[in-house]
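What follows is the residue order along each chain.
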Amino acid sequence: MYLGLDLGTSGLRAILADENGALRAEAESTFDVAHPHPGWSEQDPAHWIAACQSAVAAIRAKEPEDFARLRGIGLSGHMHGATLIDADDAVLRPCILWNDTRSIEEAAALDAASGMHEITGNIVFPGFTAPKLLWVRKHEPLVFERVAKVLLPKDYLRLWLTGEHISDLSDSAGTSWLDVGARDWSDAALAHGGMRRDQMPELVEGAAPGGTLRGSLLTEWGLSSPVVVAGGAGDNAAAACGIGALGEGAGFVSLGTSGVLMAGRDRYAPDPASAVHSFCHAVPDRWYQMGVILAATDSLNWLSRTVGESPAALAGALPDKADGPSDLMFLPYLSGERTPHNDSRIRGAFIGLDVAMEQPDLTRAVMDGVAFALRDSLLALQGTGARFETLFAVGGGARSRFWLSTLANTLNVPLSLPAGGELGAAQGAVRLAICADTGAAPQEVMTQPATATVIEPDASLTDAYQAAHARYQALYPALKQTG
């Protein structure tokens, strides 16, 4: 049996699966995010441990005999978080999360440092780990002086599980301290960020062993055999492992709070100027790239709060199939934008409101706008040589057939829905645990799931959606001038 632990921003999901990846049990435990100041986003790492204990206890209660045969644990987690610990492994301050924007000035300064784009393959975004440490050095110098190690969120969970300071390459690629092409810490990038190599965890590939479960937990959990903990992965790399998106032509589009268009790559092909993220994959000699938009279902959630209808009710008022782009334009820059603009100050807009328009027109425009923003990411990814034969569609927004139809027409790529539901990053974590325990080749374990449905682009509409996208693109510079 294998345990997949996916540490999310608002909770931890655990699944227990057999050696074929078949689900035996699952459990979730939630926790809160603290926002002590505008733009700040923090979490107490102790809550992650409590959530893990709760989820494991629930799975043990459901399937005690299966759990007793546990051989491996895989970890997935939200990226970029800065968990600072001292020489005794004590946490020095709350973890600064991926969506914390306090380090805008530090990120800009680090991004301008000589060689950073060439070393890391990415823009230094405020949400990345390195600028957070520069902020701590400036504003909390006594804390900074005591930092012995910096751990990413899932790797702090690993420290509790194993007692070891280890990270994987896919997660570490989002720190701005890693040479993403060489797959190792960069002494130059660390020096630019005021850090040292000894403050970093040991690096392993995601499908390789990354520690073993410590003896006290073996006893507490009723286990008699050693349990390996895999290197694991950042959440999107883990999700890619879960749907078999390892190399060229494979990828997924995620309609979650944020929107992600992910492409597996057989080679390293960074393009920082496009604001595309280029990271190590969780398996050896592979990379992945992402276009990221900051408000996908969050745009629909905003509309829901504004008009007083649930997101499900808004989506349910639309037909299953899109019949062409809306005359109303929506720019989903509610919290700024990543790909391709890297603009934290831009804000959203409706363009073309008419007195005859009603609530469904607003919903349709929001879904169109998110699809157009994801087409921006598609074009940026294609500019690096990425290609898409098909995309798996995941995330809460994928429950709307209208949204999927709009997205297929806008991207001009077939969208596949996985059969049997979506287990996402936790499933990928299980697959990494299987590889770490058995030594199996990732390509043999991380196959694509069966497809329940394929949403094909409507050839009679794709030209209309591309023309609408061109109008959408022309609005960004005009909107920027108004700010």
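All figures in this text were calculated on a predicted structure; none of them were measured in a lab.

**Section: the packing of helix 11 (residues 235–242) against helix 16 (residues 424–438)**
For any two helices packed against each other, the geometry comes down to the angle between their axes and how far apart the axes lie.
Here comes step 1: Across the interface, helix 11 lies against helix 16 with an axial gap of 6 Å and an inter-helix angle of 75°. The angle between the axes of helix 11 and helix 16 places the two elements in the roughly perpendicular class. Contacts between helix 11 and helix 16 involve Asp235, Ala238, Ala239, Cys241 and Gly242 on the former and, on the latter, Gly424, Ala425, Gln427, Gly428, Arg431 and Leu432.

**Notes on the sheet that holds strand 22 (residues 391–394)**
Here comes step 1: Read across the open sheet, the seven strands follow the order 18-19-17-16-22-23-24; overall the sheet is mixed. A strand with exactly one partner marks an edge of an open sheet, and here the two such strands are strand 18 (277–280) and strand 24 (451–455). In this sheet, neighbouring strand axes are inclined to one another by 25° on average, regardless of whether the strands run parallel or antiparallel.
Here comes step 2: Of the strand pairs in this sheet, strand 18 and strand 19 (residues 287–293) are connected by four bridges, and their pairing is antiparallel. By the bridge assignment, Ser278 is partnered in strand 19 with Gln289.
Here comes step 3: Contacts between helix 14 (residues 359–382) and the sheet are confined to strand 16 (251–255), strand 17 (259–265) and strand 19, with strand 19 contributing the most and set at about 150° to the helix.

**Quick look at helix 5 (residues 129–139)**
Here comes step 1: Burial analysis of helix 5 places eight of its 11 residues in the buried class, the great majority of the element.
Here comes step 2: All buried positions along helix 5 are accounted for by Thr129, Ala130, Pro131, Lys132, Leu133, Leu134, Trp135 and Val136.
Here comes step 3: Taken together, the buried residues of helix 5 touch strand 6 (83–85), strand 7 (95–96), helix 3 (104–111), helix 6 (141–145), strand 8 (149–151) and helix 9 (187–192).

**A closer look at the packing of helix 1 (residues 45–62) against helix 7 (residues 153–162)**
Here comes step 1: At a minimum axis separation of 10 Å, helix 1 and helix 7 run at an interaxial angle of 60°. Relative to helix 7, the crossing made by helix 1 is right-handed. Side by side, helix 1 and helix 7 meet where Pro45, Trp48, Ile49, Cys52 and Gln53 of the first sit next to Pro153, Tyr156, Leu157 and Trp160 of the second.
Here comes step 2: A per-class count over the contact of helix 1 with helix 7 returns eight nonpolar, one polar and no charged.

**Observations regarding empty space enclosed by the protein**
Here comes step 1: Scanning the model with the defined rule gives one cavity of 30 Å³ or more in all.
Here comes step 2: The space that makes up the largest cavity amounts to roughly 50 Å³.
Here comes step 3: Residue lining of the largest cavity: Thr129, Val150, Leu151, Leu152, Asp155, Ser167, Ser172, Thr175, Trp177, Trp185, Met200 and Pro201, and that is the complete set.

**Some thoughts on helix 1**
Here comes step 1: Spanning 18 residues, helix 1 covers 26 Å between terminal C-alpha atoms, matching the ideal 26 Å at 1.5 Å per step.
Here comes step 2: Residues Pro45, Trp48, Ile49, Ala51, Cys52, Ala55, Val56 and Ile59 constitute the buried set of helix 1. The arc enclosing the buried residues of helix 1, seen along the axis, measures out at 160°, which places them on a common side.
Here comes step 3: In this structure Asp44 caps helix 1, since a side-chain oxygen of it lies 2.9 Å from the backbone nitrogen of Ala46.

**A closer look at the pairing of strand 17**
Here comes step 1: The buried fraction of strand 17 amounts to seven of the seven residues, a majority that puts the element mostly inside the structure.
Here comes step 2: Where burial is concerned, the two faces of strand 17 agree: the one with Gly259, Leu261, Ala263 and Arg265 and the one with Val260, Met262 and Gly264 are both buried.
Here comes step 3: Between strand 16 and strand 17, which follow one another and run antiparallel, lie three residues.
Here comes step 4: With seven bridges joining them, strand 17 and strand 19 adopt antiparallel strand pairing. When the bridges of strand 19 are listed, Arg265 appears paired with Trp287.

**Remarks on the pattern of salt bridges**
Here comes step 1: A complete count under the given rule lists 25 salt bridges for this structure.
Here comes step 2: The salt bridge partner of Arg13 is Glu28, with a shortest N-O separation of 3.9 Å. Residue Arg13 is found in strand 2 (residues 11–17), and its partner Glu28 is found in strand 3 (residues 23–30); the two are separated by 15 residues along the sequence.
Here comes step 3: Classification of Arg13 by relative accessible area gives buried; the value is 19%.
Here comes step 4: A salt bridge links Asp171 to Lys154, with the nearest nitrogen and oxygen atoms 3.1 Å apart. One end of the pair, Asp171, is in helix 8 (residues 169–172); the other, Lys154, is in helix 7, and 17 residues separate them in sequence.
Here comes step 5: Its relative accessible area of 0% is what places Asp171 among the buried residues.
Here comes step 6: Since its relative accessible area comes to 0%, Lys154 is described here as buried.

Conventions used here
- Residues numbered from 1 in each chain as written.
- Predicted model: local features only at pLDDT ≥ 70, side-chain atom pairs only at ≥ 80, totals over all residues.
- Heavy atoms only, no water.
- Axes fitted to C-alpha atoms, helices over the stretch in contact; angles between N-to-C directions.
- Helix = DSSP H or I, 4+ residues; strand = E, 2+ residues; numbered from the N terminus.
- Parallel < 35°, antiparallel > 145°, perpendicular 65-115°, else oblique.
- Contact = heavy atoms within 4.5 Å.
- Pairing = 2+ DSSP bridges.
- Buried < 20%, exposed > 50% of the residue type's maximum accessible area, 1.4 Å probe, protein only.
- Left-handed = near helix turned anticlockwise from the far one by under 90°.
- Nonpolar A, V, L, I, M, F, W, Y, C, P; charged D, E, K, R; others polar.
- 1 Å grid on protein atoms, 1.4 Å probe; cavity = no way out; pocket = protein on both sides within 12 Å on 5 of 7 lines; lining within 4 Å.
- Points joined across faces, edges and corners; volume = space filled by probe spheres on them.
- Expected span 1.5 Å × (residues − 1).
- Arc of directions from axis to C-beta.
- Polar contact = N/O pair within 3.5 Å; in protein donor to acceptor, adjacent residues only side chain to side chain.
- Salt bridge = Lys/Arg side-chain N within 4 Å of Asp/Glu carboxyl O.

Geometric values such as these leave the question of function open.
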